[in-house]
Amino acid sequence: MRTAAKRLAKAQRALARTVKGSGRREKAKRRVGRLHHEVVLRRASGIHRLTKQLATGFAVVAVEDLNVAGMTASARGTVERPGRKVRQKAGLNRSVLDAAPAEVRRQLTYKTSWYGARLAVCDRWFPSSKTCSACGEQDPRLTLADREYHCAHCGLRLDRDLNAARIIATHAHLAPPTAPGSGAASPRRTPVERTLLPRPGRRSHRRSP
Ligand SMILES: [Zn+2]
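Model, not experiment: these values are computed from the prediction.

Turning next to the overall build of the protein chain. The number of helices and strands found in the protein chain is seven helices and five strands. Helices and strands appear in the protein chain in the N-to-C order α-α-β-α-α-α-β-β-β-α-β-α. The contacts in the protein chain between residues at least 6 apart in sequence include a share of 63% that link residues at least 24 apart.

Structural data, given as structure tokens:
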């Protein structure tokens, strides 16, 4: 997906250099459109592969109820109070949005129900990344720059994401099981899903020999 995104960026720059109304511009425009479509499909199929792996490989999948809008808000600030680390925050926002947490969550909701797994959700306000997964002590000083969690209380040293994942797994609550036919099993499909996924409950129209 990243390679495709790079090619798209390059094509967009090339398009910007062309002369308005020229034949080359039309050609560059078509290229941008085509690459744009490719990026969309690659991102979508990556997310589908991940959510299917999770929903078919595990009995329970735990997620954190993320506040994506708040997480990806700009750090720019105002003229009177300029924000700090604006560029870094912009890069972080891009990677959060690339990972499409809301889409992952949406797909996990229906795929766990399709494949007989359960979805568990950890409360949005639970300080998952600031809590020690071994002893439960909290370290409010932990920042995003700290890639390793180090507990001052019990001495645990662990990758910060792994620590957060363990906390989420232990504090998540199972979502109520969705009854078949309640509507959750057949969610409305996005246009990309209609392209990528086979239609459920329909046999392929293969001709009998
Ligand atoms: Zn600890």
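Don't stop here, the text continues.
We now examine helix 2 (residues 23-57). Spanning 35 residues, helix 2 covers 51 Å between terminal C-alpha atoms, matching the ideal 51 Å at 1.5 Å per step. The secondary structure elements touched by the buried residues of helix 2 are strand 1 (60-64), helix 5 (101-115) and helix 7 (191-196).

This next bit is on the sheet that holds strand 2 (residues 118-122). On the basis of which strands lie adjacent, the open sheet formed by three strands has the order 1-2-5 and mixed pairing. The open sheet has two free edges, formed respectively by strand 1 and strand 5 (173-174), since each of these has just one partner strand. As judged from the two bridges shared by strand 2 and strand 5, these two strands associate in the antiparallel manner. Bridge pairing in strand 5 places Val121 opposite His173.

This next bit is on the nonpolar core. Ranked by size, the top nonpolar core spans eleven residues in total: Leu54, Ala55, Val61, Ala62, Leu108, Leu119, Cys122, Ala164, Ile167, Ile168 and Ala172. Contributing elements (two or more residues each) for this core: helix 2, strand 1, strand 2 and helix 6 (160-171). At three residues, helix 6 tops the list of elements feeding residues into this core. Dropping the residues within four chain positions of it, Ala172 is found in contact with Ala62, Ala120, Val121 and Cys122.

With that settled, consider the confidence of the model for the protein chain. Mean pLDDT over the protein chain: 81, with 75% of residues reaching 70 or higher. Helix 1 (residues 2-17) holds the highest mean pLDDT among the elements of the protein chain, 94, whereas helix 3 (residues 68-71) holds the lowest, 58.

Right, let's get into the environment of Leu108. Structurally, Leu108 is set in helix 5. Judged by C-beta crowding, with 22 C-beta atoms within 10 Å, Leu108 ranks as buried. The spacing of Leu108 and Ala55 is 53 residues in sequence and 6.7 Å in space, taken between C-alpha atoms. Apart from the residues lying within four places of it in its own chain, the contact partners of Leu108 are Thr51, Leu54, Ala55, Val61, Val63 and Leu119.

Looking now at the packing of helix 2 against helix 5. A pair of packed helices is captured by two measures, namely the crossing angle of their axes and the spacing between those axes. Interaxial distance between helix 2 and helix 5 falls to 9 Å at its minimum, and their mutual angle equals 40 degrees. Taken together, the axis directions place helix 2 and helix 5 in an arrangement best described as oblique. As for the relative orientation of helix 2 and helix 5, their crossing is right-handed in sense. Side by side, helix 2 and helix 5 meet where Ile47, His48, Leu50, Thr51, Lys52, Leu54, Ala55 and Thr56 of the first sit next to Glu103, Val104, Gln107, Leu108, Lys111, Thr112, Trp114 and Tyr115 of the second.

Turning our attention to the pairing of strand 2. Along any regular strand, the residues point their side chains to alternate faces of the sheet. When strand 1 meets strand 2, the two strands line up parallel, connected through five bridges. Of the residues in strand 2, the one forming a bridge with Val60 is Arg118.

In this section: the environment of Lys130. Looking at the secondary structure, you find Lys130 in the loop between strand 2 and strand 3 (148-150). For Lys130 and Ile167, which are 37 residues apart along the polypeptide, the C-alpha to C-alpha distance reads 9.4 Å. If we ignore the near neighbours within four places in the chain, the residues touching Lys130 are Gln138, Asp139, Pro140 and Leu142.

Analysis parameters
Residues numbered from 1 in each chain as written. Predicted model: local features only at pLDDT ≥ 70, side-chain atom pairs only at ≥ 80, totals over all residues. Helix = DSSP H or I, 4+ residues; strand = E, 2+ residues; numbered from the N terminus. Contact = placed C-beta atoms within 7 Å. Expected span 1.5 Å × (residues − 1). Pairing = 2+ DSSP bridges. Core = buried A, V, L, I, M, F, W, Y, C linked by C-beta atoms within 7 Å. Buried ≥ 20, exposed ≤ 12 C-beta atoms within 10 Å, placed from the backbone. pLDDT = per-residue confidence, 0-100. Axes fitted to C-alpha atoms, helices over the stretch in contact; angles between N-to-C directions. Parallel < 35°, antiparallel > 145°, perpendicular 65-115°, else oblique. Left-handed = near helix turned anticlockwise from the far one by under 90°.

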